[in-house]
Amino acid sequence: MITLLGHFFRRMLTRGRLIGLIALSSLAAIVVWLSQGGEFGRGEVYPTAVTTAGVTFAIAVLILTVGTLRDERDGGTLPYIYMRPIPRTGFAAASIAGGAATAIVIGVGAWIATVLGSLAGGVDLSETFAGLSLFVTAAIGYAAIFVPLGYLAPRSLLFGLGYVVVLEQIVGFMVNGVAQLSIWRIAVSIYADIAPTVPSAMEDVLGPVTPGVTDGLIKIGIVLVVGWLVLTWALKERDAV
Amino acid sequence: MTDTVVITEVSKWFGFKVAVSDVTISFGSGVTGLLGPNGAGKTTLMRLVAGLQKPSQGKITVLGQDPREHVDVYRKMSLVPEDEAMYERESARRFIQTMARLGKIDDPVGKTEDVLRIVGLTDAADRPLGTFSKGMRQRAKVASALVTEPEVLLLDEPLNGADPVQRAELIRLFKELGAAGRTVIVSSHVLAEVERMADRVVAMVDGRLAAVGSVATIRAAMTDRPRQIYVECSDPRRLASALFRTEGVVGVHLEADRLRVEASDARAVADHLPRLAVENGVRVTDLQPADESLESVFRYLVGSR
């Protein structure tokens, strides 16, 4: 399983992708940096930055993780790894873990950029650590959705964009139940519970989702288990090529 | 001979397209050639045996187990896929080592060096696969399949892109594996290629089995088939009347400025034609088989079953 995870990690995380996707994920940091010294206060800038990150980071992770197995299927290399004595449960776990690990690398890059942007504005370093939880939990949650989606659907990138843009950003603001399914909001709820100070305007980002580390982690855990079960089923029941 | 791969009443369809239709056959040790024109269903059958696709109907066992259910089968079965795709940025050595590790074999590093030597890629082993020629890629794929020392080896068009020397080497290797008691199933659309390495041939067309037997049996079936030959000459009418009286000729048709000769025995016609031309003072300028494609041969075989 470790070999398979390493294989995914090596194949997905090319230098070009690393630079491009970290740059995309760092748009929020640029928002923070550009707002320094402006007329808007921290309470107004932060929700905008978090929402921006919610879109750009989600898209970056989507681009990266949806290809974990989809690239192998479309490229014709899946038989090399599929035809190995690895139980499908382990194969599914390694695939999601590989996707999550690469997404975390992008998340850490985006977080570092955000920290640098915040420090330039005089924010205390201790306040920035909570942001890491935001990117890490989101990376894991998104990978649990996008890796199985990539294996199952030929137009997975399109479906993924539908989830990020339509479901999370539009429908999620209007429908209470859908907001609870938003990986980004779940990640923000964990962040909001950990962060020493959270601007009140962040409530707009969270919507009906209440801050809480335990609840957030349970939700991410459920998403992980469901993603793993779906992928295991797909690997067993669906054609691999 | 113990059957290692058993296919029972297997069909596979994709929507309305039937790729494999009600195939029942088994394979044992030695080299078996899976022969058929493009689109005959060879690759789909290979993928079904490999467990990459699930049969729509029927059952497949490899070494007594269903590969879709028991992944342990993959300790003893390997596939060389037809697709050219590989991990372009990885070196051949790293690629094969990874496959060896995923195959959970002992001494993956040592075994990798062994198979690199067998396929003659030791010197190029550290180059990225993306820089390899088609023939070198084929050899790297074969090496990745051999590294786990499989009992069942599935080779989908393994000689594609290999030059004549590499072909000879690979054919020798496959024959050695077959002689050592491994089950080697090689798909190809080139009869001459299969003839050089396989003891037994399974011919497929339109997803169905067309013929099963020794290479000699398939050859005989193909020779018995009526054939059509186009003959271009200086006086088609005169030659046509002479051909009508010739043994092995079933019919002669005048088409524009050439003849289409239907023959029950093409070889006899070929033997008689020069003599007839000389006797009748006709100059033959061109002689072409009208339906010599492998596909037409296989269709004949299917029709005769």
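Above: the structure in question.
Just so we're clear, the structure is a prediction, and the values are computed from it rather than from any experiment.

Peer 1: What's the story with the sheet that holds strand β4 (residues 57-62) of chain B in this structure? I'm lost.
Peer 2: The strands making up a sheet associate through hydrogen bonds between their backbones, and the pairing can be parallel or antiparallel. All names here are of chain B. The three strands are arranged β2-β1-β4 in an open sheet whose pairing can be described as antiparallel. Across the chains shown, the open sheet's two edge strands, defined by having one partner strand only, are β2 (17-28) and β4. Mean inter-strand twist for the sheet, computed between neighbouring axes without regard to direction, equals 15°. Where helix α1 (residues 42-50) meets the sheet, it contacts β1 (3-14), β2 and β4, and its direction lies at approximately 120° from that of β1.

Peer 1: Teacher, can you tell me more about the pattern of salt bridges here?
Peer 2: When charged atoms on two side chains of opposite charge get close, those side chains can pair. The final tally for this structure, using the stated rule, is 22 salt bridges over all chains. The closest approach of N and O atoms between B:R275 and B:E279, which form a salt bridge, is 3.2 Å. Within this pair, B:R275 and its partner B:E279 are both found in helix α9 (residues 266-279), separated by four residues, close to a single helical turn. Three or more residues are tied together by salt bridges with common partners; here these are A:R11, A:R17, A:D71 and A:E72.

Peer 1: Whenever I open this one, the packing of aromatic side chains confuses me. Can you help?
Peer 2: Two descriptors summarise a pair of aromatic rings, namely the distance from one centre to the other and the angle between the planes of the rings. The full count for this structure, using the stated rule, is 11 aromatic pairs over all chains. Note on A:Y80 and B:F95: the rings are 5.2 Å apart at their centroids and 90° apart in plane angle, and the pair reads as edge-to-face. Of this pair, A:Y80 sits in helix α6 (residues 78-82) while B:F95 sits in helix α2 (residues 92-102), each in a different chain. Ring geometry for B:Y87 against B:F95: centres 5.9 Å apart, planes inclined by 55°, an arrangement best described as tilted. Look at B:Y87 and you get buried, because its relative accessible area is 6%. Judged by its relative accessible area of 0%, B:F95 is buried. Here the aromatic residues A:F8, A:Y82 and A:F91 are joined through ring pairs into a cluster of three or more. Positioned over the ring face of A:Y151 is A:R73, at 4.6 Å from the centre of the ring. Sitting over the ring of A:F91, A:R88 keeps its end group 5.9 Å from the ring centre.

Peer 1: How do you make sense of the nonpolar core when you look at a structure like this?
Peer 2: Side chains of nonpolar character tend, in soluble globular proteins, to be buried together. Core analysis: the biggest nonpolar cluster contains 145 residues, and A:W184 and B:I7 have the highest contact counts within it. In terms of residues, this core owes the most to one element, helix α8 (residues 129-152) of chain A, which gives 11 residues. When sequence neighbours within four positions are dropped, the list of residues in contact with A:W184 reads A:V50, A:A53, A:G54, A:F57, A:L134, A:F135, A:A138, A:Y142 and A:E168. Core analysis: the second largest hydrophobic core is formed by 17 residues, B:L239, B:V252, B:L259 and B:V261 among them.

Basis of the calculations
Residues numbered from 1 in each chain as written. Chains lettered and ligands numbered in written order. Predicted model: local features only at pLDDT ≥ 70, side-chain atom pairs only at ≥ 80, totals over all residues. Heavy atoms only, no water. Pairing = 2+ DSSP bridges. Helix = DSSP H or I, 4+ residues; strand = E, 2+ residues; numbered from the N terminus. Axes fitted to C-alpha atoms, helices over the stretch in contact; angles between N-to-C directions. Contact = heavy atoms within 4.5 Å. Salt bridge = Lys/Arg side-chain N within 4 Å of Asp/Glu carboxyl O. Phe/Tyr/Trp six-rings, centres within 6.5 Å; stacked < 30°, edge-to-face > 60°. Buried < 20%, exposed > 50% of the residue type's maximum accessible area, 1.4 Å probe, protein only. Lys NZ or Arg CZ within 6 Å of the ring centre and 35° of its normal. Core = buried A, V, L, I, M, F, W, Y, C linked by side-chain atoms within 4.5 Å.

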